[in-house]
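The lines below spell out each chain.
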Amino acid sequence: MTWLNSHPLTFLVFAPALLGLLLMALPHSVGKLTRLLGFLGALAVFVLSLAWLLGRAPGSAPLAEHAPWFALVGLPVDYALAVDGLNLWLVILTTFLVPLTMLGTWNSLKDRMGTFAALFLLLETGMLGALVAQDLFLFYLFWEGMLIPMYFMIGVWGGDERRYAANKFFLYTLSGSLLWLVALLFLAGRAGSFAPAVMAQAASALPFAAQCWLFVAFAVAFAIKVPLFPLHTWLPDAHVQAPTAGSVILAGVLLKLGGYGFIRFAIPMFPQAAMHFARPLALLSVIAIIYGALVAMVQRDIKKLVAYSSVSHMGFVMLGLASMTVIGTQGAMLQMLNHGISTGALFLLVGMIYDRAHTRMIADFGGVATKMPIFTTFFLIVTLSSIGLPLTNGFVGEFWILNGTFLSGFGWGRAYAVIATLGVVLGAVYMLWMVKRVFWGPVNPDEESGTQHLHSDLNAREIAVMLPLVVLILWMGIHPRTFVAVSEAPVTALLKDANAPAIRPLVLPSAPESGPLEAAAEGHGPASHEVHP
Amino acid sequence: MNKYFWLIPVLPLLGSVFNGLLGKRAGKGAVTFFGLGTVLGSLVLALAAFFAMKGMPDHRLVLDYGEWMATGTLSVPFGLVIDPLSGTMMLVVTGIGFLIHVYSVGYMHDDEGYGRFFSYLNLFVFFMLTLVLGSSLPLMFVGWEGVGLCSYLLIGYYYETDFAPDAGLKAFLTNRVGDLGVAIGMMVLFAAFGTLTVGDILLRVGHLAPEAGFGILTFATLMLFVGATGKSAQLPLYLWLPDAMAGPTPVSALIHAATMVTSGIYMICRLAPVFTLAPITMDIVAWVGAATALFAATIGLVQRDIKKVLAYSTVSQLGYMFLGLGASGFAAGFFHVFTHAWFKALLFLGAGSVILAMHHEQDLFKMGGLKSKMPLTFWTMLAATLAIIGFPGTSGFASKDEILYLAYLKSPALWVVGVVAACCTAFYMLRLFTLAFLGEPRDHHAYDHAHESPATMTVPLVVLAAGSILAVWLGWPKAFGGDFRIEEWLAPAVTYGQLHAAHGEHGSASLAMILASVSTVLGLGFAWFGYATYRKGLAVAEARAAKFPFIHKVLLNKYYVDEGVELVLLGPIRWFGNLLWKLFDVIIIDGVGVNLPGALARVSGDFTALFQTGRVRNYALSMALGAAVLLYVFLK
Amino acid sequence: MTGMDAILHGGLQGYLVVALLLFAIGLAAVLLRRTMLMQFMGVELMLNAANVALLAFARFRGGDLQATVFYLFIIAVAACEAAVGLALIIGLYRHRDTTDSDRTASLKQ
Amino acid sequence: MFLAFALITLLGALGMLLQKNIIVAGLFMVAAFFGIAGLFVLLANPVAAALQLIVYSGAIMVLVLFVIMMLSSHEEEAAQASHPIQRWLSLLLALALAAGGVKLVMASKGVQMLASRGAAVPPAVTLQGVGAVLFEGHLLGFEVAGLMLLAAMVGAVALTKRNL
Amino acid sequence: MSITPTEWAALLPLIFPTLGACLIPLMALDRDQATAKWIRGAMYLVALAAVAAGFWFLTDLWKSGAQPAFHQLHMDRLAQFSGIFVLVAAAMAILQSWDHFHQEGWVKGETLSLLLFSVTGMMLFTATTNFLVLFLGLELFSLPLYAMVATVRHRAEGAEGGMKYFLTGAVASSCFLMGGVMLYGLGGSLDLTLAAQAIRAQGLGADPMVMAGAALLLLGFLFKVSAVPFHQWTPDAYEASPHPIAGFMSVATKGVAFLALLRIFPVSLLGMGAAGARMQAALAFLAVLTLVVGNLTALVQTNVKRMLAYSSISHAGYLMLGFVAGTPAAFTGVLFYLVIYLAMNMGAFGLLTAYGLVGEHTTFEDLRGLGWKRPAMGFAAAVFMLSLAGIPPMGGFYGKYMIFKELVGTGHVGLAILGVLASLVSAYYYLRFLVALFLQAPSTEAERLASDRPAVHAPLAGATVLVAAAIVLAGGFVQAFLADGFAHRAVSEGLGLLR
């Protein structure tokens, strides 16, 4: 017990993996039992994470563990874990989505479900570890370690093109992270440590060009994960071929790690280079937003459409991060959670209909609303969240990101914001157009069509899976402060370090002595313009 | 009492949630109770709030319910603001909304999705009230998008049909394009003022020298105006409104005539001081309004579907309102919103009554002679028709006259356009009225079964008819000796925060009188023309149409705008999306960027494997070459 | 003695040149001949080349006996190589009925 | 003398390289070994010369010739036409190696130093001397050589023993 | 001529394998080995006992920290390290060969004897700086290997592979010998360290003869590690030989060649100055070539053994990069890498045995769907392949990590980038192994073969595979223990670097 008290994070991170390894040892014949055990374990981890991370007395010290681990070739590697404002909710999102996804795809797999559950738990460890790691080497380990279970999940249980998709996923991600490793080794060698703060210091001593190269290496690795245009092409294949659970976790958590990497490492470690590259990054993000939306629009497979929509949505995250403003970055933080919930829910829903109809082609459906009203309702709500309707989570994030971008000091920021807004429109176009073709209209008369195979609406288990997601969608839309209040301080500090440019208001008061304005401003909330010292 | 005002929007939301979740199981009685009860409660509370607001010294009641989305320097509270502008609008929404709820009880009585319908309708009231009462732009935006959503849901209410989902989709997407403008406008305003609370913006804008933020304010207001054109169906984003008639008729009345479509005007009134500082925008607003008024009116001349005629009429009337706003007549524009709400809702509900009587027949050419069968509908429709063509003494006369007068002051050309549109309006409204109620029945089967609607439907008709006439009380034009009191009433709202309140300059009374007389006489003349053309049936009209086949065809096909949009905009976008996917994603990035290196690696692997010939002499040779390399490196 | 003189008149250079030429010829035999036995004899020549160089160096280092000992071992190695190599060639001959190394090339790519 | 033995050696080797008939080639090689033995004599190393004759010419070459006979592969090699690249490149490399070898020897300062410093003919190597050095300083090597012979024997047996 | 106890301590680890090697042929003499089971078991027991005894003495020596010597034989830490390395590989090979020879339906004691001779030679090879002993060690471990490749006599490929290995190997050792003679000639001593000192003393550090000698010497090592372009025997020999022998060759030959190279080049020839720098340049160039050719060719192989052969070639490239970096830390990394490489490759070849793939049936097709049939083996396979590809948290990653870290630290960023790109390519073909095992359904052909084949039980091979997997995982999770406690001490205390 005392060990647990002093190592709660270690427990949270490694408990799933231990359970997973244990489950792997069980024979295939008890796959159903294994699945159940896996689910219960994941659920317990979720409950514990809630209790330990959220149920803490206010003002108590942040959860952190730190111990020297080993030193190879003279480079000390620390075992440093911590939960702070930047990763708290991402951790909870992870622990939340894993059991939920297990429940949501309870009957989707026919064989080796026990092994699948075990891999899933291993993956959870990878994700949690990467999220809480405070040492870059440790982070790298978890980051790469995540690939392995995901590779098998796609490769073994995926669709017809699963081998291609799995290999592509693996090699694509690996290519980025290997180059990143070289940069990491270069910098760590200079710094003599893998601690981000120490490495940042070493980086600041390097010439600017070197900083830029290092930042690019970091950024490419993270951008592949995000995925940022034009490094996104692994995503549609991986998403489409992966089993539902894989897609959910991929969209829900794995992609977030890219954005998280930026905000945790790339930007704070190379603030000047980050500022230097903010503009190209923002440009790529805007392209991703528009491009993803346009390509999503012409997809014929629902899952692929959702996959491309991820490209578009994650483009918003990157845009927010590239804005280098508190509002934009906070928006990106929220948008990461949003996307995890909304797109995760969408993939779950697509999986539910696929389990029934065994097709995902839009043309195979039509009139689904008549057959499955409850399903339709859920789908519609999630769709609305995905297209950013106000009072759902999607809106707040996108609004902040766009405002932050508009305010950002680098040139063309305003143009980027305006163009990115177009993505919101396009988002509605492809989502609702798909909804129209799938759900509305008369029931598809073709006997072979997917709609004809829909014999049952959602059952209690599936509703139980969707309800928490819907609640979260609304909660995050109505009270986003719950989820971003903790990151406000770290983000502000981070941007202070990054020397983000001061934002000047566009309109200056006509007269400096205009007393009434100031008075009025003080009376009606914050009046100061976004100005960073 | 004040502490319950938050219930004004929330009550309908509760009704909506109840009806949505339990509507099917609870039965129609419960649905009716919750659906109507919540709106009625909201109406009562709105009245209370209205009078509470009147009691405040500055006619302004600000309610704050905590923070919604705050980060960095951005702060957006959940706040309601009740002032004359929003108060009036709130009453229109709850009042007419309630009436239409009542009407729907009858109209939707036999529909399977009764609960679903009321859920959507309640939800709409919630969002509309949020739009109206929201104290900050983002909160208004909640309502703004929310009503769009409800519009989408309600237009596509008959989702098993082919056309309704299409219409709903079109409505939502067109609105989204407009919302884009609002979103950008908000960003600009936030960047300019550092706040998004309407009150704060107005306070700050009031302290600006007129030239200080000229360019940026023009941009912001233009963007907001783009939003307004979407929501309020102005050129070029009006396309969705005629199609929106696919929804049930009460929806057309409430959303697509009385309330939602006027939110663009409402928003501009809300930010009137900002718009005032952007004269270019104001010009554009006026001209777009005028053009829309005329454009839609001409299309309305030849449409056969009764609801389509009304839809184009709505577009046209909304154009008037923008014309008024553009001419700095915020009060006039808003007054037209107010009056239009009554008579257009009435027209739609009357049309709904007719449609129901005719067993969902909407073709005017198949109606006729319903006067005797449906007396109550006939008389109320007559009142509405008189109001919309601006018959002296009706509310429409007052509001339209004021707008035309202000338009003249801005530019006589605008006045001319407005009058021509008014003439068209008079013509097609009388055409509609005549074809539906007068003359001989043209479809006897339907005619024989037609009957007056039940009380739940006719009572709202009567109330609305009374409103259509009596609303004039609020703003009898000064030119005719009235006091146009609505202007004074709204003044605190539209000039809030202004150091120097902008007052519309009025020309001489005689000029106003002359203009009004000319337009009224012309209008009535065209009204008679319409009546005369269709009094004897369709023959005369068809003969006339045959004389101008080209114009008739163009008008009948609504200037081919839908086809044009598909050809010029949607088609290319889809083509481009396909291009990006197939060419850029699949061939360039995946092919050249990903698979080509892979293939190259394989090909070079095949190449290097060629050296593995299996002959040991070759192996020795390569070793010898390696030795040569080594020796070279060491000896060089 | 320097230069050509040294080479032609039995100086150290001469022995070394002989050794290196021998080495080259041995290598050429491995590279140019296809009969495995000939290639094997080429290898023997290369070993002998090393022997010549070794003993030449030893002679000019005042008759270093270490080198002669080493030479002894090299002969042993050559003998061992001969044993194993010839055994392999015989083994291969039993399967393929040829001593042509170019025709025993089933393992490739 | 040196020139004569050197020529015998090199011509013997060349003959082996160029001779099509494998038995004749083997005999050329024996000639080369004789030449080498002669060189060893000139190097004041009669022990090595004797060993060269006994072990190389006597034992190893006989073994080789024996195998040649056994495999009855005295057939001449087919004309080499198939791999011109292999042939010309090999030739080029061998010539380069030869030329490079000469150049190397000429260019090496160390060789010159050694040649001039050790020009005096040392006393001839005797078997006693070799034995003393062998058993004093190279006991390990001696043992290992023995092992190696054993290993080679075992290997040869493993590869060729008739009865599996 | 008495031998002191310390000299015995240096000799004993070699003596035991030698004894075993001598004893086994006696037992195998003129027996029908296929039927006389007890004698077969006895041979294996003797071989294992010989290896175990050697191992026991060496670990004892390691623990005591003593570094005894006998004449030119220096049993220092590095030699002890390599001895343990070789003996573990040999033990695994012996255990696997029991199963494998059983599957092939044929057993020969001579093979075990040759293996033990080879082990002795390898230990000798890494334990001396005397060129005479070095050369003898090289021959002592090479000659048995030539024979072992061809030990499956009923396969024509066996003899072919052996012949190719022999001919190329003989050429290489001739070159090696020539190089050593050149150094002897100018240095005047058979001990390379002394020769190097003498050469420097005479100012002949950059003499062409010295340089040529060094180059030819290096060639010998590069041949043994199968660096491009001295690599072409590798796939043929591996394919020809029985799986355990192929594994042993891939691991032990490469390992001892690198260890001896480490002793000779950076340390013993350090005195000559220029040669060290030239060696690094040459190694850098050839490492690039090795990585590119090895990985690309591995990409297109259909035979698993050939794939593993090319993979071992490319691993030689990574290890050479460690020499290019040339720092003591990099050498520690090389040693650590070798330990993991031992486990990975012995494991991978052991898998083929454990899955009962015999003869030519070692293509990817033959592996299809096997991963699910024996989950423990499948798990181990995943560990090996991911480790070979250098994916964390496997041990293989840390080897690359240490080498690349030093490479970057010494300014060879370009080489490091090339190295990681090469390992990206390698990931593809390692994944292909896993694709076949897990992601593909068994082919009908594989099913048929599996049903035709007598029920294969390879408990010993399976056990070695699991042990190997455990070592790889240990390399991933207690990497510091292996690196600091083992590899680092071998470098620092054995070679006197870092002291």
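Residues numbered from 1 in each chain as written. Chains lettered and ligands numbered in written order. Predicted model: local features only at pLDDT ≥ 70, side-chain atom pairs only at ≥ 80, totals over all residues. Heavy atoms only, no water.

- Under an unreviewed UniProt entry, chain E has the name NADH-quinone oxidoreductase subunit N and belongs to Geothrix rubra.
- In its Catalytic activity (unreviewed entry) section, UniProt records this for chain E: "a quinone + NADH + 5 H(+)(in) = a quinol + NAD(+) + 4 H(+)(out)".
- Looking at chain E in UniProt, the text filed under Sequence similarities (unreviewed entry) is "Belongs to the complex I subunit 2 family." (UniProt positions renumbered as here; feature names shortened; annotations may be inferred.)

- Going by an unreviewed UniProt entry, chain A carries the name NADH:ubiquinone oxidoreductase subunit M and comes from Geothrix rubra.

### Points about the state of the cysteines
Alright, step 1. Going through the model one piece at a time under the given rule, you end up with 0 disulfides over all chains.
Alright, step 2. Sulfur of Cys 80 of chain C: no disulfide; nearest cysteine sulfur belongs to Cys 22 of chain E and is 13 Å away.
Alright, step 3. Assessed through its relative accessible area of 1%, Cys 80 of chain C is described here as buried.
Alright, step 4. Of the cysteine sulfurs around Cys 175 of chain E, a residue in no disulfide, the closest is that of Cys 80 of chain C, at 20 Å. (Disulfide = S-S within 2.5 Å. Buried < 20%, exposed > 50% of the residue type's maximum accessible area, 1.4 Å probe, protein only.)

### Section: helix H2 (residues 8-25) of chain A
Residue and element names in this part refer to chain A.
Alright, step 1. Here H2 contains 18 residues, and its C-alpha end-to-end distance of 26 Å stays within 8% of the 26 Å for a straight helix at 1.5 Å per residue.
Alright, step 2. Of all the bends in H2, the largest measures some 40° and sits at Phe 14, one to four residues before the proline Pro 16.
Alright, step 3. In the core, the buried residues of H2 are packed alongside helix H1 (2-6), helix H3 (31-54), strand E1 (64-72), strand E2 (75-82), helix H5 (113-132) and helix H6 (136-145). (Helix = DSSP H or I, 4+ residues; strand = E, 2+ residues; numbered from the N terminus. Expected span 1.5 Å × (residues − 1). Bend = angle between axes of the 7 residues up to and from the residue. Contact = heavy atoms within 4.5 Å.)

### Brief notes about the packing of helix H13 (residues 328-354) of chain E against helix H21 (residues 479-495) of chain E
Residues and elements named next belong to chain E.
Alright, step 1. It is at 9 Å that the axes of H13 and H21 come closest, and there the two elements cross at 120°. If you check the angle between H13 and H21, you find them oblique. Where H13 crosses over H21, the handedness of that crossing is right-handed. Across the interface between the two elements, Pro 328, Phe 331, Thr 332, Leu 335, Phe 336, Val 339 and Ile 340 from H13 touch Gln 479, Leu 482, Ala 483, Phe 486, Ala 487, His 488, Ala 490 and Val 491 from H21. (Axes fitted to C-alpha atoms, helices over the stretch in contact; angles between N-to-C directions. Parallel < 35°, antiparallel > 145°, perpendicular 65-115°, else oblique. Left-handed = near helix turned anticlockwise from the far one by under 90°.)

### Focus: the interface of chain D and chain B
Alright, step 1. Contact residues are listed per partner, giving 7 residues for chain D and 8 residues for chain B.
Alright, step 2. Of the roughly 690 Å² buried between chain D and chain B, counting both surfaces, carbon and sulfur atoms make up 66%.
Alright, step 3. It is His 83, Gln 86 and Leu 93 of chain D in chain D that bury the most area against chain B; as a group they hold 68% of the surface buried on that side.
Alright, step 4. Our enumeration of links across chain D and chain B arrives at 0 salt bridges.
Alright, step 5. One can count 2 residue pairs in polar contact (both at pLDDT 80 or more) joining chain D with chain B.
Alright, step 6. By residue class, the composition of the side of chain D that touches chain B is 3 nonpolar, 4 polar and no charged. (Buried area = accessible area lost by both parts, 1.4 Å probe. Salt bridge = Lys/Arg side-chain N within 4 Å of Asp/Glu carboxyl O. Polar contact = N/O pair within 3.5 Å; in protein donor to acceptor, adjacent residues only side chain to side chain. Nonpolar A, V, L, I, M, F, W, Y, C, P; charged D, E, K, R; others polar.)

### Observations concerning the confidence of the model for chain A
Residue and element names in this part refer to chain A.
Alright, step 1. With 92% of its residues at a pLDDT of 70 or more, chain A has an overall mean of 86.
Alright, step 2. Mean pLDDT per element in chain A: helix H22 (residues 515-523) is the minimum at 37, and helix H10 (residues 208-225) is the maximum at 93.
Alright, step 3. Scored below 50 in pLDDT, residues 508-533 shows 46 contacts in the model against residues more than four places distant or in partner chains. (pLDDT = per-residue confidence, 0-100.)

### What to know about the nonpolar core
Alright, step 1. By size, the foremost hydrophobic cluster in this structure holds 790 residues, and its most contacted members are Phe 194 and Phe 218 of chain A, Leu 189 of chain B together with Phe 248 and Tyr 401 of chain E.
Alright, step 2. Top element by residues in this core is H13 of chain E. It accounts for 20 residues.
Alright, step 3. The contacts of Phe 248 of chain E, once residues within four sequence positions are left out, are Val 86, Ala 89, Ala 90, Ala 93, Leu 115, Ser 118, Val 119, Met 122, Leu 145, Met 148, Thr 253 and Met 346 of chain E. (Core = buried A, V, L, I, M, F, W, Y, C linked by side-chain atoms within 4.5 Å.)

### Topic: the confidence of the model for chain E
Residue and element names in this part refer to chain E.
Alright, step 1. In this model, chain E carries an average pLDDT of 88, and 94% of its residues clear a pLDDT of 70 or more.
Alright, step 2. When mean pLDDT is taken per element in chain E, helix H5 (residues 131-149) scores highest with 94 and helix H19 (residues 444-452) scores lowest with 64.
Alright, step 3. Note on the complex model: pTM 0.91, ipTM 0.89.

### Details of the packing of aromatic side chains
Alright, step 1. For the structure on display, the rule yields 105 aromatic pairs over all chains.
Alright, step 2. Here the aromatic rings of Phe 169 of chain A and Trp 234 of chain A are separated by 5.4 Å at their centres, their planes lie at 55°, and the arrangement is tilted. Remark: Trp 234 of chain A occurs in helix H11 (residues 234-241) and Phe 169 of chain A occurs in helix H8 (residues 162-191); sequence separation between them is 65 residues. Per residue, the accessibility class of Phe 169 of chain A equals that of Trp 234 of chain A, and both read buried.
Alright, step 3. Here the basic side chain of Lys 400 of chain E rests over the ring of Tyr 318 of chain E, its NZ or CZ set 4.5 Å away from the ring centre. (Phe/Tyr/Trp six-rings, centres within 6.5 Å; stacked < 30°, edge-to-face > 60°. Lys NZ or Arg CZ within 6 Å of the ring centre and 35° of its normal.)

### What to know about unusual backbone geometry
Leaving glycine aside, a negative phi is the common case for residues, and trans is the common case for peptide bonds.
Alright, step 1. Cis rather than trans, the peptide bond between Phe 229 of chain A and Pro 230 of chain A has omega equal to -5°.
Alright, step 2. Tracing the backbone through its elements, the reader meets Pro 230 of chain A in the loop between H10 and H11.
Alright, step 3. With an omega of 0°, the peptide bond running from Val 228 of chain E to Pro 229 of chain E counts as cis.
Alright, step 4. When you line up the elements, Pro 229 of chain E lands in the loop between helix H8 (208-224) and helix H9 (233-240).
Alright, step 5. Of note in this structure, Leu 391 of chain A is not a glycine but carries a positive phi near 75°.
Alright, step 6. Counting through the fold element by element, Leu 391 of chain A comes out in the loop between helix H17 (373-386) and helix H18 (393-407).
Alright, step 7. Even without glycine at this site, Asp 97 of chain C takes up a positive phi of about 60°.
Alright, step 8. Examined against the element boundaries, Asp 97 of chain C turns out to sit in the segment after helix H4 (65-96).

### With respect to the arrangement of the chains
Alright, step 1. One finds no contact between chain A and chain C; the C-alpha atoms of the two approach each other to within 25 Å at their closest.
Alright, step 2. Spatially, chain A is disjoint from chain D: no contact exists, and the shortest C-alpha separation is 37 Å.

### Description of the pattern of salt bridges
Residue and element names in this part refer to chain B.
Alright, step 1. Applying the stated criterion across every chain, the model contains 28 salt bridges over all chains.
Alright, step 2. Between Asp 363 and Arg 304 there is a salt bridge whose closest N-O contact spans 2.6 Å. Taken together, the residues Asp 363 in the loop between helix H15 (330-357) and helix H16 (375-389) and Arg 304 in the loop between helix H13 (279-300) and helix H14 (306-326) connect sequence positions 59 residues apart.
Alright, step 3. Exposure remark for Asp 363: the relative accessible area of 12% places this residue in the buried category.
Alright, step 4. The class of Arg 304 is partly exposed, set by a relative accessible area of 37%.

### Here we look at the interface of chain D and chain C
Alright, step 1. On the chain C side, the residues contacting the 80 residues of chain D number 70 residues.
Alright, step 2. Each partner contributes to the roughly 6,800 Å² buried at the junction of chain D and chain C, and carbon and sulfur atoms together form 78% of this total.
Alright, step 3. In this assembly, chain D and chain C are joined by 0 salt bridges.
Alright, step 4. At the surface where chain D touches chain C, the tally comes to 13 residue pairs in polar contact (both at pLDDT 80 or more).
Alright, step 5. For the side of chain D that touches chain C, the secondary-structure elements that each account for two or more residues are helix H1 (2-18), helix H2 (22-42), helix H3 (46-70), helix H4 (84-107), helix H5 (109-117), helix H6 (127-137) and helix H7 (139-160) of chain D.
Alright, step 6. By residue class, the composition of the side of chain D that touches chain C is 57 nonpolar, 19 polar and 4 charged.

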